[in-house]
Amino acid sequence: MGVPRAPWSPQCRDRLLGVLSSLSWGWGPREGRWCTLLPGSDKCLFVFLVPPYTIVYFPVRGRCQAMRMLLSDQGQSWKEEVVTMENWLQGPLKASCLYGQLPKFLDGDLTLYQSNAILRHLGRSLGLYGKNPKEAALVDVVNDGVEDLRCKYVTLIYTNYEAGKDDYVKALPGHLKPFETLLSQNNGGQAFIVGDQISFADYNLLDLLLNHQVLAPGCLDAFPLLSAYVARLCARPKLKAFLASPEHVNLPINGNGKQ
């Protein structure tokens, strides 16, 4: 018997569960698989809910952890295709990637590259890009600021960690202050970075702030709004569960072991 395929979205899942729950015979979930005993038969019908998203990336948090946080917090399912460095260095996969780099992201038949383009796509698709054009513009301002700091962080981690860490940490307050300012300008810093609903930029900023708390513990002590912001987002039930999961905890932040 063929396997029906359905997008793994809350709306499609709820519709399917509604159909299944209306049946008079038993059924139950198991890791995205639903089965029911066919009437008058000992055969089961299986329905698999196939995740629409696939992340192709190295076995690190890197530039994909913000999107993983976003997907988990939004109740989305995704598939991971882990690329080892040995496989990457063989060449064919790298040659097939648009810019010769990862991550690669699949949304059905849509293939995307560039981590920030992927986040913006998810923002548009899942309603995480502000409620109007003004908010969307401000979300872009935040995300570009996050990218500026992330580039500085990546340069330190991969090119100048031992010699440059002290100077980086000394300069860090100046790089964090704009985000404290942005928070103070939005509901006194008691909500999200823009508006009154979470955006893809919140996940990107949170990921970067968590990385910096590992690099420089106490770096947020002088920024009460940022400190509270991190605690508030990390307390969101689905995100809290993801951050405590082996999929997050056991994954190194960076590919060279430095953090």
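It should be noted that the structure appears before, not after, this text.
Quick look at the structure, then. For clarity, every value in this text was computed on a predicted model and none was experimentally measured. (Residues numbered from 1 in each chain as written. Predicted model: local features only at pLDDT ≥ 70, side-chain atom pairs only at ≥ 80, totals over all residues. Heavy atoms only, no water.)

## Focus: the overall build of the chain
Note the following rule: Per the convention used, a helix needs a DSSP run of H or I reaching at least four residues, while a strand needs a run of E reaching at least two, with both numbered from the N terminus. Only protein chains enter the accessibility calculation, which uses a 1.4 Å probe; a residue is then buried when its area is under 20% of its type maximum, exposed when over 50%, and partly exposed in between. Whether two residues are in contact is decided by their heavy atoms, any of which lying within 4.5 Å being enough. Accessibility throughout is a Shrake-Rupley quantity obtained with a 1.4 Å probe, and a residue counts as covered only by protein chains that appear here.
Each helix and strand in the chain was counted, giving 11 helices and 8 strands. Within the chain, buried positions represent 43% of all 259 residues. Put simply, of all contacts in the chain between residues at least 6 apart along the chain, 65% involve residues at least 24 apart. Of the accessible surface of the chain, which amounts to about 13,400 Å², a share of 56% is contributed by carbon and sulfur atoms.

## Quick word on the sheet that holds strand S5 (residues 53-57)
Defined as follows: At least two bridges found by DSSP between two strands is the condition for calling them paired. To get an axis, fit a line to the C-alpha atoms, keeping to the stretch in contact for a helix; angles then go from 0 to 180 degrees between the N-to-C directions.
If you walk across this open sheet you meet the 4 strands as S6-S5-S7-S8, and the pairing is mixed. Only two strands of the sheet have a single partner each, and these edge strands are strand S6 (78-82) and strand S8 (110-113). The average angle at which neighbouring strand axes cross in this sheet is 20 degrees, direction not considered. As paired elements, S5 and S6 share 5 bridges and run parallel to each other. Bridged to Thr-54 within S6 is Lys-79. Running at roughly 160 degrees to S5, helix H2 (residues 65-73) makes contact with S5, S6 and strand S7 (104-107) of the sheet. Sitting on the sheet, helix H5 (residues 115-126) touches S5, S7 and S8, and the angle it makes with S8 is about 135 degrees.

In short, shape yes, function no, at least from these values alone.
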